[in-house]
Amino acid sequence: MKLHDQICIVTGAGGAGGIGEAIARRFVAEGARVVVCDIVEDKAQAVAADLGELAIPWRCDVTRSAEVEALVEAAVRRFGRLDVMVNNVGFTTPGLLGELDDQAWSDVLNGNLSSTFYGLRAALRPMRAQKSGSIINVGSAAGLGGAPGLGAYGAAKAGVINLTQTAAVENFKGGVRVNCILPNAATEPLLAWFEATEAGKRTRSEIEAYARCGAPEEIAAAAMFLASRDSSYVNGAVLPVDGGLCARVGCISAEIE
Ligand SMILES: NC(=O)c1ccc[n+]([C@@H]2O[C@H](COP(=O)([O-])OP(=O)(O)OC[C@H]3O[C@@H](n4cnc5c(N)ncnc54)[C@H](O)[C@@H]3O)[C@@H](O)[C@H]2O)c1
């Protein structure tokens, strides 16, 4: 078991059928103790109960820095250290930039970028003190380029990529690695949106023209690699886990007959 006795926190891990839940599940399967964090207490409790005694539920709103500090402090108080921090929470409110209101902008920036910063900063303290640790941020392909209607989300996820790279170069001497995953996964909420709306159907067919939508477990496998010693020489990486979606250059194409 590659994470035997490792102490891990996964934020947004209460979303059944989501990426955070799959990561928590995989980490427990590899022997880790996992703090299952979610803003919805019942969701955190349900996932932790299902995972068994290696999982501990914790209610935390990651957009509030004091709550994130308390989350990390509680894990360190209970277990004496923190080995892996997965900053997974993220969401979007779609809207064209010319029409986006202040509230939508700040909600999306807080939910994706500030939350990642709070988790990163809180985790760095114990990890730097113990001179080891792996921080895994969950970004998005939307952070690599423009996507209509996803301006706030894309700007926030671009920030997550830069936070990852800056934290990696600032902390390599302290034994802490910081990496970022860019997922493409058919999570349950996303599948529901794909099926329920015209925009969802269109998005799905556009994605699937270039790549299969992955299973949350396939994203969790990459998180597992970044959490474990197998990735001891991987730092500051921005890793698409997307079946090749990001490898394609937009609308450029020359079909060969
Ligand atoms: N699904 C994809 O294909 C995809 C693609 C690109 C990026 N991502 C990124 O992957 C991550 C996970 O996405 P998902 O689709 O699995 O999410 P999800 O919606 O399935 O689950 C997210 C969980 O986070 C919790 N949450 C929301 N706000 C919170 C807060 N303030 N504090 C604590 N918990 C909170 C929710 O209750 C939910 O349980 C996100 O960062 C998302 O942007 C996903």
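Everything numeric here is computed off the predicted structure, so don't read it as measured data.

Conventions used here
- Residues numbered from 1 in each chain as written.
- Predicted model: local features only at pLDDT ≥ 70, side-chain atom pairs only at ≥ 80, totals over all residues.
- Heavy atoms only, no water.
- Near = heavy atom within 4 Å.
- Polar contact = N/O pair within 3.5 Å; in protein donor to acceptor, adjacent residues only side chain to side chain.
- Areas by Shrake-Rupley, 256 points an atom, 1.4 Å probe, with all protein chains shown as cover.
- Helix = DSSP H or I, 4+ residues; strand = E, 2+ residues; numbered from the N terminus.
- Nonpolar A, V, L, I, M, F, W, Y, C, P; charged D, E, K, R; others polar.
- Pairing = 2+ DSSP bridges.
- Axes fitted to C-alpha atoms, helices over the stretch in contact; angles between N-to-C directions.
- Contact = heavy atoms within 4.5 Å.

A look at the site of the ligand
Step number 1: In the vicinity of the ligand lie 28 residues, with Ile19, Asp38, Asn88, Tyr153 and Ala185 positioned nearest.
Step number 2: A distance of 3.1 Å is found between an oxygen atom of the ligand and a side-chain nitrogen or oxygen belonging to Lys43.
Step number 3: In the model, a nitrogen atom of the ligand is placed 3.0 Å from a nitrogen or oxygen of the Val62 main chain.
Step number 4: Burial of the ligand by the surrounding chains reaches 85%, relative to a free accessible area of 840 Å².
Step number 5: Listing elements by their share of the shell around the ligand, those giving two or more residues are α5 (151–171) and α6 (188–196).
Step number 6: Grouping the amino acids of the shell around the ligand by side-chain chemistry returns 13 nonpolar, 11 polar and 4 charged.

Notes on the sheet that holds strand β4 (residues 84–87)
Step number 1: Taken in spatial order, the 7 strands make up an open sheet running β3-β2-β1-β4-β5-β6-β7, and their pairing is parallel. If you trace the sheet from one side to the other, it starts and ends with β3 (55–59) and β7 (238–241), each paired once. For this sheet, the mean inter-axis angle between neighbouring strands, taken without regard to orientation, is 20°.
Step number 2: Pairing between β4 and strand β5 (residues 133–138): 4 bridges, direction parallel. Bridge pairing links Val86 to Ile136 in β5.
Step number 3: Packed onto the sheet, helix α1 (residues 19–29) meets β1 (7–11), β2 (33–38), β3, β4 and β6 (176–183) and runs at close to 165° relative to β1.
Step number 4: Helix α3 (residues 65–79) contacts β1, β2, β3 and β4 of the sheet and is inclined by roughly 155° relative to β3.

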